[in-house]
Amino acid sequence: MQAWMWLGPVIMLFVVLGFVTLAILFERKVIGWMQSRIGPNRVGPWGLFQTVADVLKLLLKEDIVPQKADETLFKLAPVIAFVPAFAVVAVLPFTDSLVFADIGVGLLYFIAISSITTIGILAGGWASNNKYALIGAMRSAAQMISYEIPLVMALVGVIMAAGTLNLSGIVEAQKEMWFIVPQFIGFVVFFIASLAELNRTPFDLPEAESELVAGYHVEYSGFRFAFFMLAEYVYVFAMSALTTVLFLGGWNPLFGFTFLPPLIWFLLKFSLIVFTLIWIRATLPRIRVDQLMQLGWKVLLPLALFNIFLSALLKEIPGIGSYY
Amino acid sequence: MLRTEEMLLNVGPQHPSTHGVFRLVITIDGETITEAKPVVGYLHRGTEKLAEDLTYTQIVPYTDRMDYLSAMTNNYIVVHAAETLMEVELPERAEFLRVIVMELNRIASHLVWFGTYLLDIGAMSPFLLAFREREQILDLFNDLCGARLTYNYMRIGGVKWDVPEGWLDQVRAFISNMREKLKEYEDLVAGNEIFLNRTRGIGVYSADEAIDYGLSGVNLRAAGVDWDLRRDRPYSVYDRFEFDVPVGKNGDLYDKFTCRMEEIRQSLRIVEQAVDQFPEGPVMAKVPRVIRVPEGEAYVQMESPRGELGCYLVSRGKDKPYRLKFRRPSFYNLQILPRLLKGENVANLVAILGGIDIVLGEVDA
Amino acid sequence: MRCTDIYIHPSLLGQGLMVRISFDGVTGMEYWANYSMTAIFFLLGLALPAAAFTVGRWLRPHHPSAAKIITYESGVDPFGDSRVQFHVRYYLFALLFVIFDVETVFLYPWAVAYDTLRQDVGLFVLVEMLIFVLFLFIGLIYAWKKKVLEWK
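Computed from a predicted structure; not experimentally measured. (Residues numbered from 1 in each chain as written. Chains lettered and ligands numbered in written order. Predicted model: local features only at pLDDT ≥ 70, side-chain atom pairs only at ≥ 80, totals over all residues.)

1. Digging into the overall build of chain A
In plain terms, the rule: Only DSSP runs of H or I with at least four residues qualify as helices, and only runs of E with at least two residues qualify as strands; both kinds are numbered from the N terminus onward. We compute the radius of gyration from the C-alpha atoms alone; for a globule the expected value is 2.2 Å times N to the 0.38, where N is the number of residues. By definition, residue pairs are in contact when their C-beta atoms, positioned from the backbone, come within 7 Å.
The helix and strand inventory of chain A stands at 13 helices and zero strands. For chain A, the sequential pattern of α-helices and β-strands runs α-α-α-α-α-α-α-α-α-α-α-α-α. A globule of 324 residues ought to have a C-alpha radius of gyration of about 20 Å, and chain A, at 20 Å, matches this closely. Seen along its three principal axes, the alpha-carbon backbone of chain A occupies a region of about 65 × 50 × 45 Å. Contacts in chain A between residues far apart in sequence, at least 24 positions, make up 77% of those at least 6 positions apart.

And the structure:
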């Protein structure tokens, strides 16, 4: 392993951290505008350093480990939650040349690694030895087992059309037509399931502030709390990028507008997804935990299975078959 | 079946959804509540006992702090009790002003409920929208009596301040604005599938149960009991206005939501009529400087935003009451909570508790 | 650089499902470079918290007191134990999850190789998977009817 190999990932780490900093500010600003407020505007011009100030404050905050907590696991849990969040970024292709790990099973890698975070959440909730945290952690597991399957199944149609699990390959296959059009059912199922995977409104049950106070991270303070938040927002980054790659044609330009560089195209689509996530957060109430599981098993899973065979059948129709 | 244990969970007094310092000790089996015990009294200040040592004028600001979301109705009930015993003839203008401020306060109170309720079930935006409109009401009150929350506005014999110039026009402007915004709220919330799923068929009780538990206000009407003191036992000048009383059918949370939204609309109607018929004249009747209520007892009742607010006053002819007792609707409405929570899950807990619409200042007095 | 694909080679179908990894023009060096990149991301993911907690330890105060390290329970002293035999009401969902997760393991290679298989063996490849998925789906409907999919 040569030293230069480390350079790219280190830059990527700072890009991701920069994204998280801006995304949190952007989220607060956008939600502020949607609620006829101004949003943060005190720290730096346009509130630009608000998140930086927040992070510094968290860094200086006392690290409290509750007396009854399982200390080792309590301290380890935020790390378990964060590491996979950053590890999945490795396989995301931003342009045809800008991809760190161009591995053959990129999609499988992403899905497999990303579910490890649930273990971190579960461990954090259990180790806190707090009743609210325990319920939050249990909900997180319930959510994972209900949404992992529709999420994975919804992608089978994409894989069939692309004929590969390599993410660059999937983007290449969308030169003609973005998968959001032929795989629309898959996209809808995937998007809803990914919201649940991200634990974002309306599926923010594990932390459900008004019910469980803060859910699984109720006992966490300072930088340990920050790492849970960081993991959450790095997933927003990763999941938005994945959605862009799988359904919105990655770096492929729209209508052949090639005067914009591919990376800009990627970022435009990516920002659109991030904005949609924020928009949903400002709009929807929280779903109830039993309703969530019903939605996952009774609606999304049959829909995803149906989509697989619909895609296979549409492949047989001449004319449009080439898009599937 | 595996053997599982029940867990005691303490919700409140420091919890975002108990709307103050309310505490619930619940026993949960998984996420299902098997038993719920409300614990009240964290905000008890002994208003009723304190009142025995205060002159009537001094009691009024204490009532502001009971149901602090609707202080005007609290002001009214205590002066109304004293006026009933004293048999004071009130000037028209004072009565109209009282109705206007009480109905505006009802709107403000229901707006707070709307915002916090949606916040309880996880929607953030309606809270800020509702508070934007409520702010206009508070500004109106600020212009009228110099306070935004604890008004201390009513006096035995009338009200403290006459309307400032242009105030009635501002009220008119508010009415038309509020009507538009109300449509916006309903578009935003009432059509939302998640909201409907979280409120329809949740926390249901029948009309008989509602009466048995002594519920009043929207909690009673949502179950289908057509009972509103403003219409059925009119006080002040309510008999001069036209308004409808919204009644629910199923007694679920969704009915409570629609009832409260409709009540805002009806209150706007009342305020509009009152502003149109607003008479000239003084705002205070001729009452002595030191108020001595003649010996006797009186129970007066009114429809506060939360239900039947009553005041039982015993006077021995002194300048201070011998005994003052409030029938505080939040406290009575809360009694049905353990029955409603049994068998529900934790997520429904906040929805049901929010649906009752308690104000802890009033529960604990 | 075109990368490796997992596909099921048709000639191996007779001997049961066997997966072959092919290196479509990718040298072994590049192959391992890609995977070591994921390892680097893992290590960096570990390094960031390690660095942050170390720096944090130098900067932050540390004055634990008895009241501070008490478990939060809505503002009163916690009572009862939170490490109880918690009733996980969704354990039946968890069993279903395992079944369907295994199903995806079969679906993914199938989906990757679908076009190749379609040309070689025709629509039979679809029918075959349809039967497999249908079996599991019947199981789901059975669970549905048995009211396992209710959160009691």
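2. So, the sheet that holds strand 7 (residues 307-315) of chain B
All names here are of chain B. Under the convention used in this document: Strand pairing is assigned whenever DSSP identifies at least 2 bridges connecting the two strands. Angular values range over 0 to 180 degrees, each being the angle between N-to-C directions of two axes fitted as lines to C-alpha atoms, with helices fitted over their stretch in contact.
On the basis of which strands lie adjacent, the open sheet formed by three strands has the order 6-7-8 and antiparallel pairing. What marks the edges here is a single partner per strand, and that holds for strand 6 (296-304) and strand 8 (323-327). Averaged over neighbouring strand pairs, the angle between their axes works out to 10° when direction is ignored. With five bridges connecting them, strand 7 and strand 8 associate as antiparallel partners. Within strand 8, the residue paired with Cys311 across the bridge is Phe326.

3. Some points on the interface of chain B and chain A
Each partner contributes residues to the interface: chain B has 26 residues there, and chain A has 23 residues. Only strand 1 (7-11), helix 4 (92-120), helix 5 (125-145), helix 7 (193-199) and helix 14 (346-356) of chain B provide two or more residues apiece to the side of chain B that touches chain A.

4. Digging into the nonpolar core
Definition in use: Structurally, a nonpolar core is described as a collection of buried Ala, Val, Leu, Ile, Met, Phe, Trp, Tyr and Cys residues joined by way of C-beta atoms within 7 Å. Three exposure classes are used, based on other C-beta atoms lying within 10 Å of a residue's own C-beta, which is placed from the backbone: buried for 20 or more, exposed for 12 or fewer, and partly exposed in between. For the domain bounds, the source is a domain assignment made automatically or taken from a database.
Membership of the largest hydrophobic core comes to 264 residues, with the highest contact counts inside it found for A:Phe86, A:Ile159, A:Val234, A:Ala238 and B:Ala82. Top element by residues in this core is helix 11 (residues 222-247) of chain A. It accounts for 18 residues. Per-domain counts for this core show at least three residues from each of domain 1 (2-61) and domain 2 (89-145) of chain C.

5. Focus: the UniProt feature "transmembrane region" (unreviewed entry) in chain A
Residues and elements named next belong to chain A. The criterion, for reference: UniProt positions are given in the numbering used here, feature names are shortened, and annotations may be inferred rather than shown by experiment.
Mapped onto this numbering, the UniProt entry gives "transmembrane region" (unreviewed entry) at residues 6-26, 76-95, 107-128, 149-171, 177-196, 233-251, 263-283 and 295-314. When the span residues 6-26 is considered, its composition is 95% helix and 0% strand, and the gap between its end C-alpha atoms is 30 Å. Between the end C-alpha atoms of residues 107-128 the distance is 33 Å, and the span holds 91% helix and 0% strand.

6. Section: the sheet that holds strand 1 of chain B
Within a sheet, each strand pairs with its neighbour through backbone hydrogen bonds, oriented either parallel or antiparallel. Residue and element names in this part refer to chain B. Strand order across the open sheet formed by three strands is 1-2-3, with antiparallel pairing between neighbours. Lying at the two open borders of the sheet, with one neighbouring strand each, are strand 1 and strand 3 (32-39). Across the sheet, the axes of successive neighbouring strands diverge by a mean angle of 20°, strand direction being ignored.

7. A few points about the UniProt feature "domain: NADH-quinone oxidoreductase subunit D" (unreviewed entry) in chain B
Residue and element names in this part refer to chain B. With numbering matched to this structure, UniProt assigns "domain: NADH-quinone oxidoreductase subunit D" (unreviewed entry) to residues 120-290 and 291-364. End C-alpha atoms of residues 120-290 are separated by 47 Å, and the span's content is 53% helix alongside 2% strand. Helix makes up 35% of residues 291-364 and strand makes up 31%, while its end C-alpha atoms are separated by 28 Å.

8. Concerning helix 11 of chain A
Residues and elements named next belong to chain A. Put simply, the test is: To estimate how far a helix should reach, multiply one less than its number of residues by 1.5 Å.
Taking 1.5 Å per residue as the helical rise, helix 11 with its 26 residues ought to reach 38 Å, and the 37 Å between its terminal C-alpha atoms agrees with that figure. Helix 11 sits mainly inside the fold: 23 of its 26 residues count as buried. Among the residues trailing helix 11, Gly249 stands out with phi positive, at a value near 75°.

9. What about the interface of chain C and chain A?
Spelled out, the test is: Each residue gets one of three labels, nonpolar for Ala, Val, Leu, Ile, Met, Phe, Trp, Tyr, Cys and Pro, charged for Asp, Glu, Lys and Arg, and polar for the others, Gly among them.
Facing the 57 residues of chain C at the interface are 64 residues of chain A. Taken together, the elements giving at least two residues each to the side of chain C that touches chain A come down to strand 1 (5-8), helix 1 (28-59), helix 2 (91-112), helix 3 (114-121) and helix 4 (124-145) of chain C. No other element matches the 17 residues that helix 1 of chain C contributes to the side of chain C that touches chain A. Residue classes in the side of chain C that touches chain A are distributed as 39 nonpolar, eleven polar and seven charged.

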